[in-house]
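Observations on the model geometry
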Amino acid sequence: MPLLLVPFYAFGHILSKFIPFLEHDYLTQFCVSMANPFFTALIALTLFVFIRRLGFGVKTGILTTLCYAFCTMSWIYTRSGFSEPVLTLLLFLAALSLYIYEESGLLRYVWLSGFLIAYSLLIKTNSIVCLPVIFIYLAYKSFKIKRLGPRLGFWLAFVMPMSLFVFIYLYH
């Protein structure tokens, strides 16, 4: 999570150069505190894009996004320093990248999904709860691949970024 906050801190640091009458620490803390509202807005955007890619209309996408934004606990988490908005964003992006793989067949989306899920595991290990569902989906997709070489490439594309993050986690 702190790695994702670096751009917000840098923006506050640069902004403090242009607004000298406000203290540097207040500006940087304010900019960092705006991270969760930003991530929550990205979740809403990702949800809208996902719904549109599923083939639903613009009205359905907007209504579902508004229901997510105002009828769930997401707006409460925007005011806190908790990591749940980031986890939700990473898992939504991982699901979207797997869906894009379904449409395009490009393995880079499977790799991206593995990277996002592994990063969510580094942020909060409780997100391991999502892994069985994702592995079941990946197993289902891999059984559709008839030849062994592409099937192995499919699994390697997902497991390689995860093994890198597991190594980082165990080393730290």
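Presented here is a report on the structure given in the accompanying data block. These figures come from a predicted structure and were not determined experimentally.

A few points about the overall build of the protein
Across its full length, the protein carries 9 helices and 0 strands. Secondary structure elements of the protein, listed N to C terminal, follow the sequence α-α-α-α-α-α-α-α-α. Dimensions along the principal axes, computed over C-alpha positions, put the protein at roughly 65 × 45 × 25 Å. Burial status across the protein gives 33% buried among its 172 residues. For the protein, the accessible surface area stands at approximately 10900 Å², while carbon and sulfur atoms represent 75% of it. Here the protein holds 12 positive side-chain charges and 5 negative ones, and the gap between their average locations is 17 Å.

Considerations on helix H7 (residues 107-123)
Given a rise of 1.5 Å per residue, 17 residues ought to cover 24 Å, and the 25 Å separating the end C-alpha atoms of H7 matches this to within 8%. Those residues of H7 not exposed but buried are Val110, Ser113, Gly114, Leu116, Ile117, Ala118, Tyr119, Ser120, Leu121 and Ile123. On its buried face, H7 sits against helix H1 (2-18), helix H6 (84-104), helix H8 (131-144) and helix H9 (148-171).

Focus: the pattern of salt bridges
Here the structure, examined in full by the defined rule, presents 3 salt bridges. Between Glu103 and Arg53 there is a salt bridge, with the nearest N and O atoms lying 2.6 Å from each other. With a gap of 50 residues between them, Glu103 in helix H6 and Arg53 in helix H3 (residues 35-53) connect regions that are remote in the sequence. Across the pair Glu102 and Lys141 runs a salt bridge whose closest N-O atoms are separated by 2.6 Å. With Glu102 in helix H6 and Lys141 in helix H8, this residue pair connects regions lying 39 residues apart in the sequence. With a relative accessible area of 8%, Lys141 lands in the buried category.

Quick look at the nonpolar core
Judged by nonpolar contacts, the single largest core of 30 residues is most densely connected at Ile117, Phe158 and Met162. Those elements giving two or more residues to this core turn out to be H3, H6, H7, H8 and H9. If sequence neighbours within four positions are ignored, Met162 has contacts with Gly114, Ile117, Ala118, Leu121 and Leu131.

Brief notes about a nonpolar patch on the surface
Among the surface-exposed residues, Trp111, Leu112, Phe115, Leu152, Leu156 and Met160 lie close enough to one another that they form a single nonpolar patch of about 540 Å² accessible area. Mapped onto the nonpolar patch, the elements with two or more residues apiece are H7 and H9. Position of Leu112 among the secondary structure elements: in helix H7.

Rules used in this analysis
Residues numbered from 1 in each chain as written. Predicted model: local features only at pLDDT ≥ 70, side-chain atom pairs only at ≥ 80, totals over all residues. Heavy atoms only, no water. Helix = DSSP H or I, 4+ residues; strand = E, 2+ residues; numbered from the N terminus. Buried < 20%, exposed > 50% of the residue type's maximum accessible area, 1.4 Å probe, protein only. Areas by Shrake-Rupley, 256 points an atom, 1.4 Å probe, with all protein chains shown as cover. Lys, Arg positive; Asp, Glu negative; His and termini not counted. Charge placed at Lys NZ, Arg CZ, Asp CG, Glu CD. Expected span 1.5 Å × (residues − 1). Contact = heavy atoms within 4.5 Å. Salt bridge = Lys/Arg side-chain N within 4 Å of Asp/Glu carboxyl O. Core = buried A, V, L, I, M, F, W, Y, C linked by side-chain atoms within 4.5 Å. Patch = residues over 30% accessible without salt bridge, like charges linked within 9 Å, V, L, I, M, F, W, Y side chains within 5 Å.

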